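# Fold and geometry: a report
Here is what each chain is made of, one letter per residue.
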There are 2 protein chains.
Amino acid sequence: MPEICLLGTGGMLPLKDRFLTSLFIEHNGRGILIDCGEGTQVAFAKHGLKLSKIQTLLITHGHADHVTGLPGLLLSLGNCSRTENLDIYFPEKWEYVIKSLLCVCGCLPFPVTMHKLPEICTSWIAENIDPMLEISAMPLQHKVPCMGYKFLFRKKPEFLPEEAKKLNIPVQYWKQLHAGNQIHLPDGREILPEQVTGKSRKSIKITYTTDTLPIPEIIHFAKHSDLFICEGMYGDIEKKSSMNEKGHMLMQDACQLAKNANAKKLWLTHYSPAEKFPEQYQEILKNIFEHVIISQDGEKLSL
Amino acid sequence: MPEICLLGTGGMLPLKDRFLTSLFIEHNGRGILIDCGEGTQVAFAKHGLKLSKIQTLLITHGHADHVTGLPGLLLSLGNCSRTENLDIYFPEKWEYVIKSLLCVCGCLPFPVTMHKLPEICTSWIAENIDPMLEISAMPLQHKVPCMGYKFLFRKKPEFLPEEAKKLNIPVQYWKQLHAGNQIHLPDGREILPEQVTGKSRKSIKITYTTDTLPIPEIIHFAKHSDLFICEGMYGDIEKKSSMNEKGHMLMQDACQLAKNANAKKLWLTHYSPAEKFPEQYQEILKNIFEHVIISQDGEKLSL
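Note that the structure is predicted; figures quoted are calculated from it, not measured.

### Observations regarding the pairing of strand S8 (residues 133-139) of chain A
Along any regular strand the residues' side chains alternate between the sheet's two faces. Residues and elements named next belong to chain A. Counting buried positions over the seven residues of S8 gives five, a clear majority of the element. Pairing of S8 with strand S9 (residues 147-153), which is carried by seven bridges, proceeds in the antiparallel orientation. Considered in S9, the bridge of Leu 133 is made with Phe 153.

### A closer look at the interface of chain A and chain B
At the interface, 29 residues of chain A touch 29 residues of chain B. Surface buried jointly by chain A and chain B totals about 2,100 Å² across both partners, of which 69% is contributed by carbon and sulfur atoms. Of all residues in chain A, the largest losses of buried area upon contact with chain B belong to Lys 16, Glu 38 and Val 104 of chain A, amounting jointly to 26% of the total for that side. Linking chain A with chain B are zero salt bridges, by the criterion used here. Summed over the shared surface of chain A and chain B, the result is four residue pairs in polar contact (both at pLDDT 80 or more). Within the residue set of the side of chain A that touches chain B, elements represented by two or more residues are helix H1 (40-46), helix H2 (64-67), helix H3 (70-79) and helix H4 (95-102) of chain A. Residues belonging to the side of chain A that touches chain B are distributed by class as follows: 15 nonpolar, eleven polar and three charged.

### Description of the relation of the copies chain A and chain B
Each copy of the sequence occupies a distinct position, and chain A is placed on chain B by a rotation of 180° and an axial shift of 0.0 Å, giving an RMSD of 0.1 Å. As the rotation angle and translation indicate, the two copies are arranged about a two-fold axis. When each C-alpha of chain A is compared by its distance to the rotation axis, Ser 100 of chain A comes out closest, at 2.4 Å. An overlap of 100% is found between the interface residues of chain A and their copies at the interface of chain B, pointing to a shared contact surface.

### Quick look at the environment of Pro 131 of chain B
Residue placement: Pro 131 of chain B occurs in the loop between strand S7 (123-124) and strand S8 (133-139). Through-space distance from the C-alpha of Pro 131 of chain B to that of Arg 154 of chain B is 8.8 Å; in sequence the pair is 23 residues apart.

### Concerning the sheet that holds strand S16 (residues 299-302) of chain B
Residues and elements named next belong to chain B. Read across the open sheet, the seven strands follow the order S6-S5-S4-S3-S2-S1-S16; overall the sheet is mixed. Here the strands that pair on one side only, and so sit at the sheet edges, are strand S6 (112-117) and S16. Direction aside, neighbouring strands of the sheet carry axes that sit 15° apart on average. Sheet topology note: the strand S1 (residues 3-8)/S16 ladder contains four bridges and is antiparallel. The partner of Ile 4 across the bridge, within S16, is Leu 301. Contacts between helix H3 (residues 70-79) and the sheet are confined to strand S3 (30-34), strand S4 (54-58), strand S5 (86-91) and S6, with S4 contributing the most and set at about 165° to the helix. Of the strands in this sheet, S5 and S6 touch helix H4 (residues 95-102), which is tilted by about 165° from S6.

### A word on H3 of chain A
Residue and element names in this part refer to chain A. Burial analysis of H3 places eight of its ten residues in the buried class, the great majority of the element. Listed in full, the buried residues belonging to H3 are Leu 70, Pro 71, Gly 72, Leu 73, Leu 74, Ser 76, Leu 77 and Gly 78. Phi turns positive, to about 65°, at Ser 81, one or two residues after H3.

### A short note on unusual backbone geometry
Among all residues except glycine, the phi angle is most often negative; among peptide bonds, the trans geometry is most common. All names here are of chain A. Despite not being glycine, Asn 28 has its phi angle at roughly 55°, a positive value. The residue Asn 28 is located in the loop between strand S2 (22-27) and strand S3 (30-34) in this model. A relative accessible area of 56% means that Asn 28 is categorised as exposed. Phi angles above zero are rare outside glycine, and Ser 81 is one such case at about 65°. Inspection of the secondary structure puts Ser 81 in the loop between H3 and strand S5 (86-91).

Conventions we followed
- Residues numbered from 1 in each chain as written.
- Chains lettered and ligands numbered in written order.
- Predicted model: local features only at pLDDT ≥ 70, side-chain atom pairs only at ≥ 80, totals over all residues.
- Heavy atoms only, no water.
- Buried < 20%, exposed > 50% of the residue type's maximum accessible area, 1.4 Å probe, protein only.
- Helix = DSSP H or I, 4+ residues; strand = E, 2+ residues; numbered from the N terminus.
- Pairing = 2+ DSSP bridges.
- Contact = heavy atoms within 4.5 Å.
- Buried area = accessible area lost by both parts, 1.4 Å probe.
- Salt bridge = Lys/Arg side-chain N within 4 Å of Asp/Glu carboxyl O.
- Polar contact = N/O pair within 3.5 Å; in protein donor to acceptor, adjacent residues only side chain to side chain.
- Nonpolar A, V, L, I, M, F, W, Y, C, P; charged D, E, K, R; others polar.
- Least-squares fit on C-alpha atoms with pLDDT ≥ 70 in both.
- Axes fitted to C-alpha atoms, helices over the stretch in contact; angles between N-to-C directions.

Right, here's the structure in full:
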């Protein structure tokens, strides 16, 4: 099951005790990092996570607070003797920024594959990351092209050992059947996965949207998320119009989106550096959406 | 008098409690930052220093651990409503790295002047920084072009108020005379600074060399430094040959350089991330050079 850690909760500028917004999801031993601001590699060490697990990097957009940790992170991966490929996905308009940052790295000891996401990008199945994982992207509404990401971790259907026993299927074939593969037994019988599995189980859904106006499309994108992670630059509603002008939203907007999307849980992140004590808005926010967490750096969850 | 703060002491990779090597010198309200690895802006906040004081940035070379904090730092300066020019000096070969990093910043609200230092660069007087300050650069011997820097803070000669009184010079002219200016009094007399000042006073000298083999030229460059700041990647002498191959030196090498240069004090810095406890070498190092400090992040001194 996915293990999620919000490495940092800062927007724009890091504070001495708040790293820039970045999310790490680990599933089946493989890690996905979303955004990589200055200091992300230090946040990894601080929260007891291993850089070497990163398989895939998703970038929402090329503003400095989301990307300037890239060269340091990639060089550190090189220092961990990495040789396997790293996939980086980003909105196509930001190719020049990603390439500029990578030129600081010089020659890395592992290949990097860059995937440019078109602005109208909606969905892709990241087979190379995990066959049980579907990732979708959605264009957000920031001052510049910016993507939100959605993760669907599919669960295998329940395995029914009693049915397998009834059919006299040797135990060494159970795993293959549970993984959805048809098998051919030595006695000549063909066994279908459906013969030994029960009901399909609901996928786990995580949605991540930051640096955006609270557009209604996010409600559909985040619908029924087990965990919805969303920016909340300010809790002070007097900041609303100036925030919106910059393509951001209030904590209250994020709570309203979570409520309308019927999310199970909301983690707020990407606080303005001027918002020193976001937890002060807890009561107000819980009145809008009960299951809001005013996250701090290192917020963790297993789903 | 200059106030010095070693913002970070890490080489190659930051650790969770060790920022990358970067030095800040403040003099007469103006600040010089030397190197700017990932997290430098956070180290400023951590050590109670103001980013807004930075007037000049000197880069030793373009390796990531010395430059990747640049975009974040510049954007933060922009967020402090800076409008005045920022001067950045770096070895000319690294122009592409500096420009690549700056392209992440987009449009800054203040001008940046880039100064390319030729590889044979030896000395320049940075009048625009401080007329009482002379900065020199020296090519070091790393795997790539890299500069060491030397700072001479000139002191005004002693002012002699008794002499000024004897000559009936009104008090409002004393400051100009002390600053070295000839003045013309209303009664027609010309007064020379030498008439009211005493002996010249010794300049304060700070030398900074990191990412280099312990070449003998450093001894001359750092001669009689009040403070010599030098890399010491490892204290384990078994690492010597592999370190030297990478263009680095041991803590012991730095102590020998400080001793031969007759420096007053040595701060070690730029420790390998594998060197978790550099203070363990204290006794060995003091046997080579008594006035060695195995610096930690935030080491401060007023000279």
